[in-house]
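Given next are the chains, with one letter for each unit.
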Amino acid sequence: SAVISQKPSRDICQRGTSLTIQCQVDSQVTMMFWYRQQPGQSLTLIATANQGSEATYESGFVIDKFPISRPNLTFSTLTVSNMSPEDSSIYLCSVEAPFGPFGSGTRLTVV
Amino acid sequence: ELKVEQNPLFLSMQEGKNYTIYCNYSTTSDRLYWYRQDPGKSLESLFVLLSNGAVKQEGRLMASLDTKARLSTLHITAAVHDLSATYFCAVGTDKLIFGTGTRLQVFP
């Protein structure tokens, strides 16, 4: 199965700033997914990113807050914009099923 | 809208005991996944179940799927401390919807 490299692994950011998270896959994949895991919670899908088209966002998530890029079939970025402490979470990327692996995650703390 | 529920949310069990985690989902799906997450870590794939009646086993863990009942179970046999983690089920084909998670703690 695909191997995903995600970075940064963790960051502490000031409120009001933005952070861009990168995911690199070692093979070409059609769909990439971005998830958020709030402290002590399950994973919530933020959006699905297809190459060559705009990302599809789930209810409760908007492009202005979480812009996503998908420039090619092996790479995607998620930006968390205008951050507040409520954005403190683990952000994970994944690739298309079946049994798609997950990146190592980005632990974001907003202070 | 697909919803996925797990129970229990928290499970504390003694080493050597057996227990089952349940995963219920609200709409039909042809794929169900089980993942393990250790504290501060990403998700590790455990099982994928693709059809009604599917059963997969790895070590002390066995997963099964009943698509008619929209139910999957993760059975733990003779628990050991190393199994302490959070277990998630997830359902979907083109995107995964995750269950609430079951935090398992195994004590001596």
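Before reading further, recall that the structure is shown in the block above.
First, a word on scope: everything that follows refers to the structure included in this document. Bear in mind that the values here come from a model prediction, so they are computed numbers and not experimental data.

### Considering the packing of aromatic side chains
Tallied over the entire structure, the rule returns nine aromatic pairs over all chains. For the ring pair A:Y35 and A:F102, a centre distance of 5.5 Å and an interplane angle of 50 degrees mean the geometry is tilted. Of this pair, A:Y35 sits in strand β4 (residues 31-37) while A:F102 is found in the loop between β9 (89-95) and β10 (106-110), placing the two residues 67 residues apart along the sequence. Each member of the pair, A:Y35 as well as A:F102, is classed as buried. For the ring pair A:F102 and B:F98, a centre distance of 5.9 Å and an interplane angle of 70 degrees mean the geometry is edge-to-face. Taken together, the residues span two chains, with A:F102 in the loop between β9 and β10 and B:F98 in strand β10 (residues 97-98). Among the residues examined, B:F98 registers a relative accessible area of 7% and is labelled buried.

### What about the sheet that holds strand β1 (residues 4-7) of chain B?
All names here are of chain B. As summarised here, the arrangement of the five strands in space is β1-β3-β8-β7-β6, forming an open sheet in which the pairing is antiparallel. A single partner strand is all that each edge strand has here, and the edge strands are β1 and β6 (55-58). Geometrically, the sheet is characterised by an average inter-axis angle of 15 degrees between neighbouring strands, direction not taken into account.

### Some thoughts on the state of the cysteines
Residue and element names in this part refer to chain A. Tallied over the full model, the rule gives two disulfides over all chains. Across a sulfur-sulfur distance of 1.7 Å, C23 and C93 are joined as a disulfide pair. Given an S-S torsion of about -85 degrees, the disulfide between C23 and C93 has left-handed geometry. Note that C23 is positioned in strand β3 (residues 19-25) and C93 in strand β9, a separation of 70 residues in sequence. C93 gets classed as buried once you look at its relative accessible area, which sits at 0%. Unpaired in terms of disulfides, C13 finds its nearest cysteine sulfur in C23, a separation of 16 Å.

The rules behind these values
- Residues numbered from 1 in each chain as written.
- Chains lettered and ligands numbered in written order.
- Predicted model: local features only at pLDDT ≥ 70, side-chain atom pairs only at ≥ 80, totals over all residues.
- Heavy atoms only, no water.
- Phe/Tyr/Trp six-rings, centres within 6.5 Å; stacked < 30°, edge-to-face > 60°.
- Helix = DSSP H or I, 4+ residues; strand = E, 2+ residues; numbered from the N terminus.
- Buried < 20%, exposed > 50% of the residue type's maximum accessible area, 1.4 Å probe, protein only.
- Pairing = 2+ DSSP bridges.
- Axes fitted to C-alpha atoms, helices over the stretch in contact; angles between N-to-C directions.
- Disulfide = S-S within 2.5 Å.

Don't take any of this as a statement about function, it's just geometry.
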